[in-house]
Amino acid sequence: MSVEDGGVPGLGHPRQARWTLMLLLSTAMYGAHAPLLALCHMDGRVPFRPSSAVLLTELTKLLLCAFSLLVGWQAWPQQTPPWRQAAPFALSALLYGASNNLVIYLQRYMDPSTYQVLSNLKIGSTALFYCLCLRHRLSARQGLALLLLMAAGACYAAGGLQDPGNTLPGPPSAAAAGPMPLHISPLGLLLLILYCLISGLSSVYTELLMKRQRLPLALQNLFLYTFGVLLNLGLHAGGGPGPGLLEGFSGWAALVVLSQALNGLLMSAVMKHGSSITRLFVVSCSLVVNAVLSAALLQLQLTAAFFLATLLIGLAVRLYYGSR
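Residues numbered from 1 in each chain as written. Predicted model: local features only at pLDDT ≥ 70, side-chain atom pairs only at ≥ 80, totals over all residues. Heavy atoms only, no water.

*Asks:* How should I be thinking about the overall build of the protein chain in this particular structure?
*Replies:* If you tally the helices and strands in the protein chain, you get 12 helices and 2 strands. Overall, the protein chain shows an N-to-C arrangement of helices and strands of α-α-α-α-α-α-β-α-α-α-α-α-β-α. Across the 324 residues in the protein chain, those meeting the buried criterion constitute 49%. In the protein chain, the share of contacts with a sequence separation of at least 24, taken over all contacts with a separation of at least 6, comes to 85%. (Helix = DSSP H or I, 4+ residues; strand = E, 2+ residues; numbered from the N terminus. Buried < 20%, exposed > 50% of the residue type's maximum accessible area, 1.4 Å probe, protein only. Contact = heavy atoms within 4.5 Å.)

Next comes the structure, spelled out in structure tokens:
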């Protein structure tokens, strides 16, 4: 299966090896996100404004894209770029902005374990939009693979990690703040469903847009993140009184921003040359990295549920990308 089809290429060709390395790096960055956020906690909460983290992440991605074009890492179009092609990226920025902010605000209405379990619904929403918008029909085998991914994520989140001093599942953020009971409010459930729909739509819409336009990826990202910075700047400015842009930031918080920015750039390459489904597998495989880092950094214990989730992910990869 080719890179363009969203498959997992072999290591025989340099381009395929780079593609595999990119997927591995993205998996590592996804998996490190939650443990790094947990290390940022002070008195059981994130000390900086969520809008600040999202804005700085978008700004970092924009600067990295501009730098890659300036130094010639990606060629600038020989003809004058058709700037009218930038307009559709405004919707992508709006969807991503809503999704990125919801991820952080959702923590106010549910515990991290509940969020991790229910957020797996975005696998189903992404597959739905993938079929509807890209006119791609999934086989029964591929559909079963995606169901296994959802089951793996739910299994891991429900009991893949435990605080040694607590019988309840111990998510990374709970480790720093002590035992946290499972809970979710009605508003939290509604927002989580909205988040899953927006997440799936944003992924598929961006993939469709990037593949239809014959422009360098860095230029497309420049369009996307310019809108993203403007949108999140407005959200930050309109968020009312609160901590300043960099107030509450630490070295761990800076690492969160940088890793999320780099991961966003890697995922844009997946959208252009792979597929939204490949992205789902990257996110699911990142659970293994998340567990290992949580055990190492936050002294959480791996359970049988973690190994079951790992097995389910392996089966899903085999079913989706294995020989028919």
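Now that the structure has been shown, the text picks up again.
*Asks:* Honestly, the pattern of salt bridges in this entry has me stumped. Any pointers?
*Replies:* Once the charged atoms of two side chains with opposite charge are near each other, the side chains can pair. For the structure on display, the rule yields 2 salt bridges. For Lys-61, the salt bridge identified is with Glu-58, shortest N-O distance 2.8 Å. With Lys-61 and Glu-58 both in helix H2 (residues 50-70), this residue pair falls 3 residues apart, about one helical turn. Between Lys-211 and Glu-207 there is a salt bridge; the shortest N-O distance is 2.8 Å. (Salt bridge = Lys/Arg side-chain N within 4 Å of Asp/Glu carboxyl O.)

*Asks:* What is the right way to read helix H6 (residues 140-159) from this model?
*Replies:* Every α-helix winds through 3.6 residues per turn, so residues three or four apart in the chain are directed the same way. Here H6 is 20 residues long and its end C-alpha atoms lie 29 Å apart, about the 28 Å a rise of 1.5 Å per residue gives. For H6, every residue scored as buried is listed here: Gln-142, Ala-145, Leu-146, Leu-148, Leu-149, Ala-152, Gly-153, Cys-155, Tyr-156, Ala-157 and Gly-159. (Expected span 1.5 Å × (residues − 1).)

*Asks:* What is the right way to look at the packing of aromatic side chains in this model?
*Replies:* Where two aromatic rings form a pair, the distance of their centres and the angle of their planes describe that pair. Across all of its chains, the model carries 7 aromatic pairs by this definition. Considering the side-chain rings of Phe-89 and Phe-223, the 6.0 Å spacing of their centres and the 50 degrees angle between planes classify their relative orientation as tilted. Taken as a pair, Phe-89 in helix H3 (residues 89-105) and Phe-223 in helix H9 (residues 217-237) lie far apart in primary sequence, 134 residues in all. Phe-223 gets classed as buried once you look at its relative accessible area, which sits at 5%. Taking the centre distance of 6.4 Å and the plane angle of 65 degrees together, the rings of Tyr-156 and Phe-306 count as edge-to-face. Of this pair, Tyr-156 sits in helix H6 while Phe-306 sits in helix H12 (residues 304-321), and the two are 150 residues apart along the sequence. In this structure Tyr-156 comes out as buried when scored by relative accessible area, which is 6%. A relative accessible area of 6% means that Phe-306 is categorised as buried. (Phe/Tyr/Trp six-rings, centres within 6.5 Å; stacked < 30°, edge-to-face > 60°.)

*Asks:* Explanation requested: the packing of H2 against H9 in the structure shown.
*Replies:* Between two packed helices, both the angle of their axes relative to each other and the distance between the axes serve to describe the pair. Remark: H2 packs on H9, axes separated minimally by 8 Å, with the N-to-C direction vectors making an angle of 155 degrees. Accordingly, the angle class assigned to the pair H2 and H9 is roughly antiparallel. Remark: the crossing between H2 and H9 carries left-handed chirality. On the side of H2, the interface is formed by Ser-51, Ser-52, Val-54, Leu-55, Glu-58, Leu-59, Lys-61, Leu-62, Cys-65, Ala-66, Ser-68 and Leu-69, while H9 contributes Ala-218, Leu-219, Asn-221, Leu-222, Tyr-225, Thr-226, Gly-228, Val-229, Asn-232, Leu-233 and His-236. (Axes fitted to C-alpha atoms, helices over the stretch in contact; angles between N-to-C directions. Parallel < 35°, antiparallel > 145°, perpendicular 65-115°, else oblique. Left-handed = near helix turned anticlockwise from the far one by under 90°.)

*Asks:* Help me out: how do you make sense of the environment of Leu-39 in this one?
*Replies:* Within the secondary structure, Leu-39 is located in helix H1 (residues 14-40). For Leu-39, a relative accessible area of 26% corresponds to the partly exposed category. Residues in contact with Leu-39, not counting those within four places in the same chain, are Trp-252, Leu-297 and Leu-298.

*Asks:* Just to check I follow, could you spell out H12 for this structure?
*Replies:* Here H12 spans 26 Å end to end across 18 residues, near enough to the 26 Å set by a 1.5 Å rise per residue. Among all positions in H12, only Ala-305, Phe-306, Ala-309, Leu-312, Ile-313, Ala-316, Tyr-320 and Tyr-321 are buried. Angular distribution of buried residues about the axis of H12 spans 135 degrees; they occupy a single face of the element. For H12, the exposed residues set more than 90 degrees away from the buried face come down to Ala-304, Phe-307, Leu-311 and Arg-318. Of the surrounding secondary structure, the elements contacted by the buried residues of H12 are H6, helix H11 (276-298) and strand E2 (301-302). (Arc of directions from axis to C-beta.)

*Asks:* Quick question: what am I supposed to make of the confidence of the model for the protein chain here?
*Replies:* Detailed reading of predicted coordinates is not advised where the pLDDT is low. Mean pLDDT over the protein chain: 81, with 83% of residues reaching 70 or higher. Predicted confidence for residues 1-11 stays below pLDDT 50, and this span has 29 contacts to residues more than four positions away or in other chains. Below pLDDT 50 for its whole length, residues 167-180 participates in 38 contacts with residues either more than four positions away or in separate chains. (pLDDT = per-residue confidence, 0-100.)

*Asks:* So what exactly am I meant to see when it comes to unusual backbone geometry here?
*Replies:* Leaving glycine aside, a negative phi is the common case for residues, and trans is the common case for peptide bonds. A positive phi angle is found at Arg-135, which is not glycine, with a value near 55 degrees. Tracing the chain through its elements places Arg-135 in the loop between helix H5 (121-134) and H6. We classify Arg-135 as exposed; its relative accessible area is 74%.

*Asks:* Hey, could you run me through the environment of Gly-274 in this one?
*Replies:* Summarising the element assignment, Gly-274 is placed in the loop between helix H10 (251-273) and H11. With 255 residues separating them along the chain, Gly-274 and Trp-19 place their C-alpha atoms 9.6 Å apart.

*Asks:* Explain a nonpolar patch on the surface here, please?
*Replies:* Together, Leu-64, Trp-252, Leu-255, Leu-258 and Leu-262 make up a nonpolar patch on the protein surface, roughly 390 Å² of accessible area in all. If one sorts the elements of the nonpolar patch by residue count, H10 sits on top with 4 residues. When you line up the elements, Leu-64 lands in helix H2. What makes Leu-64 partly exposed here is its relative accessible area of 31%. (Patch = residues over 30% accessible without salt bridge, like charges linked within 9 Å, V, L, I, M, F, W, Y side chains within 5 Å. Areas by Shrake-Rupley, 256 points an atom, 1.4 Å probe, with all protein chains shown as cover.)

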